[in-house]
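# Close look at the chain arrangement
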Amino acid sequence: MVQRPRGTADVLPPESQRWQWLESLARQVCERAGFGEVRTPTFEATELFSRTSGESSDVVQKEMYTFTDQGGRSLTLRPESTASVVRAYHEASLSGVHKLFCIQSHFRYERPQRGRLREHHQLDCEILGTDLPLADAELIGVAWSFLSEAGVEDLTVSLNSIGDLTCRPGYRRALQEYYRPHREELCPDCQRRLEINPLRLLDCKREGCQALKAGAPKSRDHLCPACQEHLGQLCLLLDQVGIRYRFDDLLVRGLDYYTRTVFAVSHGALGAQSDLCGGGRYDQLSEAIGASPLAGVGFGLGLERLLITLGDGGAPPPPRLYLAVTEAALEGPALAMAIELRRSGLSVEMELLHRSLKAQFRRADKEGFDHVAVFGEEERRSGLLTVRSLRDGTEGRYPAHELAERLAGRRSGL
Ligand SMILES: [Zn+2]
Ligand SMILES: [Zn+2]
């Protein structure tokens, strides 16, 4: 049989219900904060990503799914959404401040890991058109709210500033001066990065390179007054909002268009792989794709990893009712009842294989239904349903229109 490609996943019930719950929560949190949804094409001109990932991040380019279409154009499945959102902003001739979010899949040809597939899904939030630290704080607040409402505990924000065009060149030189005498101790990738993009040395996970990081110069010590002011304001705002943060001098973004704020939101229990969300400011991205200057700050939050973190927690089960039918002749009226109940908001399942009442109860129990109602001649005549909770065995007899309200209001029992 033909199988799905490596690094992809099928999502089936009940897992798909958890996805729906999480995506719907993400939409609610974003919309409450005034973000509107944007959807961008699955593939873009390759140039959009090759320009923004820069010559220094050949890894990203090697990982891209790039192909030539029948018309001879080079296209790429999006490896991230920020460049697409910025492109869409300009292409729609938007101006001023816009807060946009998207929930879409991203594609990267890399070794698949748990929570990191070749096609993976992400919530992205972007605030475009303002460089004020208030935007950074609001954005971090959205990530924080979403993760805590999803049920993640022990959240911490790691924060750094990597400066701007004024002060970063000085910091790059300081890094190069520090690392050059240790050139031989660095991994081959870092030896190359040292000349092209020394900030990425702080990202390297190899042992030899790790050891050197401790003494490396910190970007916070090289910020110009404007960048210092920006970071100071952001910290003040986070304090006022009550968001816990700590400085992480090794938190950097290797791409040139990133400016000032870099942040990650992590969760205690996952250990080394605890980052759930990464983001930062990218005031130079717009010019990198050939558009007019546009300040922006955004984050990406991987949904696969979040679902793994949440485990069985998080998703409140929707009330589900199993409508058991006593005889085949009553299936039509029972289906009519099911449709009425579904319209009032209940999730209702019925027997599709003509099995005995006993077998129907077994199935309802096995598949974890909250409630069962038996539909027989008496129910057809009266329009009343006797509903039994499969959790605590309590029973009640109600007209259909009351049922949805009762089940939704009291999920455990009646
Ligand atoms: Zn290295
Ligand atoms: Zn600066």
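Residues numbered from 1 in each chain as written. Chains lettered and ligands numbered in written order. Predicted model: local features only at pLDDT ≥ 70, side-chain atom pairs only at ≥ 80, totals over all residues. Heavy atoms only, no water.

## Things to note about the overall build of the protein chain
Along its length, the protein chain carries 15 helices and 16 strands. With 414 residues in all, the protein chain has 48% of them scored as buried. Restricting to contacts in the protein chain with at least 6 residues of sequence separation, those with at least 24 account for 67%. Looking at the protein chain as shown, the accessible area adds up to about 20300 Å², and 50% of this sits on carbon and sulfur atoms. Of the charged side chains in the protein chain, 52 are positive and 57 negative; the average position of the first set lies 3 Å away from that of the second. (Helix = DSSP H or I, 4+ residues; strand = E, 2+ residues; numbered from the N terminus. Buried < 20%, exposed > 50% of the residue type's maximum accessible area, 1.4 Å probe, protein only. Contact = heavy atoms within 4.5 Å. Areas by Shrake-Rupley, 256 points an atom, 1.4 Å probe, with all protein chains shown as cover. Lys, Arg positive; Asp, Glu negative; His and termini not counted. Charge placed at Lys NZ, Arg CZ, Asp CG, Glu CD.)

## A closer look at the coordination of the zinc ion (ligand 2)
Distances from the zinc ion (ligand 2) to its protein donors, namely Asp164 (OD), Cys167 (SG), Cys224 (SG) and Cys227 (SG), fall within the range 2.2 to 2.3 Å. The site at the zinc ion (ligand 2) holds 4 donor atoms, and with the angles between them running 93 to 120°, its shape is tetrahedral. Each donor residue of the zinc ion (ligand 2) belongs to the same chain, with the gaps between them written as D-x2-C-x56-C-x2-C. Exposure class is identical for Cys224 and Cys227. Each is buried. (Donors = N, O, S within 2.8 Å, 3.2 Å for Na, K, Ca; no water. Tetrahedral: all angles 85-135°; square planar, octahedral: opposite > 155°, others 65-115°.)

## Remarks on the sheet that holds strand 2 (residues 43-45)
If you walk across this open sheet you meet the 3 strands as 2-4-3, and the pairing is antiparallel. Strand pairing shows two members of the sheet lacking a second neighbour, strand 2 and strand 3 (66-68), which therefore form its edges. Across the sheet, the axes of successive neighbouring strands diverge by a mean angle of 35°, strand direction being ignored. On top of the sheet, helix 2 (residues 46-53) reaches strand 2, strand 3 and strand 4 (74-77); it is set at about 75° to strand 2, its chief contact. (Pairing = 2+ DSSP bridges. Axes fitted to C-alpha atoms, helices over the stretch in contact; angles between N-to-C directions.)

## A closer look at the packing of aromatic side chains
Taken as a whole and assessed by the stated rule, the structure comprises 6 aromatic pairs. Aromatic side chains Phe43 and Phe67 sit 6.3 Å apart centroid to centroid with 75° between the ring planes, which places their arrangement in the edge-to-face category. Taken together, the positions of Phe43 in strand 2 and Phe67 in strand 3 put the pair 24 residues apart, joining distant regions of the chain. The class for Phe43 is partly exposed, based on a relative accessible area of 43%. (Phe/Tyr/Trp six-rings, centres within 6.5 Å; stacked < 30°, edge-to-face > 60°.)

## Section: unusual backbone geometry
In this structure, the amide linkage connecting Pro13 to the following residue, Pro14, adopts the cis form with an omega of 5°. Residue Ser93 is not a glycine yet carries a positive backbone phi of 55°. Mapped onto the secondary structure, Ser93 falls in the loop between helix 4 (82-91) and strand 5 (98-107). The backbone phi angle of Arg260 is positive, close to 55°, even though this residue is not glycine. Judged by relative accessible area, Arg260 falls into the buried class, the value being 13%.

## Here's the deal with the coordination of the zinc ion (ligand 1)
On the protein side, the zinc ion (ligand 1) has Cys187 (SG), Cys190 (SG), Cys204 (SG) and Cys209 (SG) as donor atoms, found 2.2 to 2.3 Å from it. Every donor counted, the 4 donor atoms about the zinc ion (ligand 1) form angles of 104 to 115° at the centre, which fits tetrahedral coordination. Relative accessible area serves as the criterion here: at 2%, Cys209 is assigned to the buried category.

## Some words on the sheet that holds strand 10 (residues 275-281)
The sheet built from 8 strands is open, its strands ordered 1-5-6-11-10-9-7-8 with mixed pairing. Across the chains shown, the open sheet's two edge strands, defined by having one partner strand only, are strand 1 (36-37) and strand 8 (245-247). Sheet analysis places strand 1 next to strand 5, joined by 2 bridges and oriented parallel. Opposite Glu37, over in strand 5, you have Phe101 as the bridge partner.

## A look at the nonpolar core
Counting residues in each nonpolar core, the largest one holds 48 residues, and the members touching the most others are Leu22, Leu123, Cys125, Phe146, Phe263, Phe299 and Leu301. Broken down by element, the residue count for this core peaks at 10 residues, all from helix 5 (residues 133-150). When sequence neighbours within four positions are dropped, the list of residues in contact with Leu22 reads Phe146, Ala150, Leu303, Leu306, Leu307 and Leu310. (Core = buried A, V, L, I, M, F, W, Y, C linked by side-chain atoms within 4.5 Å.)

## Considering the pairing of strand 13 (residues 347-350)
On strand 13, burial follows the alternation: Val348 and Met350 on one face are buried, whereas Ser347 and Glu349 on the facing-out side are not. The sheet contact formed by strand 12 (residues 320-325) and strand 13 spans 4 bridges and is parallel. Residue pairing in the sheet places Leu323 in a bridge with Met350 of strand 13. The parallel pair strand 12 and strand 13, bridged by helix 12 (residues 331-343), forms a crossover whose chirality is right-handed. (Right-handed = clockwise from strand over helix to strand, strands pointing away.)

## Focus: the domain arrangement of the protein chain
By the assigned domains, the protein chain splits into domain 1 (15-167 + 223-310) and domain 2 (320-409). A straight line from the C-alpha centre of domain 1 to that of domain 2 covers 45 Å. (Domains from an automatic or database assignment.)

## Considerations on the packing of helix 6 (residues 168-179) against helix 7 (residues 188-196)
Here helix 6 crosses helix 7 at 140°, and the two axes come no closer than 9 Å. Comparing their axes, helix 7 and helix 6 come out oblique. Helix 6 and helix 7 meet at a crossing whose hand is left-handed. Touching Arg172, Gln176 and Tyr179 of helix 6 are Leu194, Glu195 and Ile196, all from helix 7. The class makeup of the residues in the contact of helix 6 with helix 7 is 3 nonpolar, 1 polar and 2 charged. (Parallel < 35°, antiparallel > 145°, perpendicular 65-115°, else oblique. Left-handed = near helix turned anticlockwise from the far one by under 90°. Nonpolar A, V, L, I, M, F, W, Y, C, P; charged D, E, K, R; others polar.)

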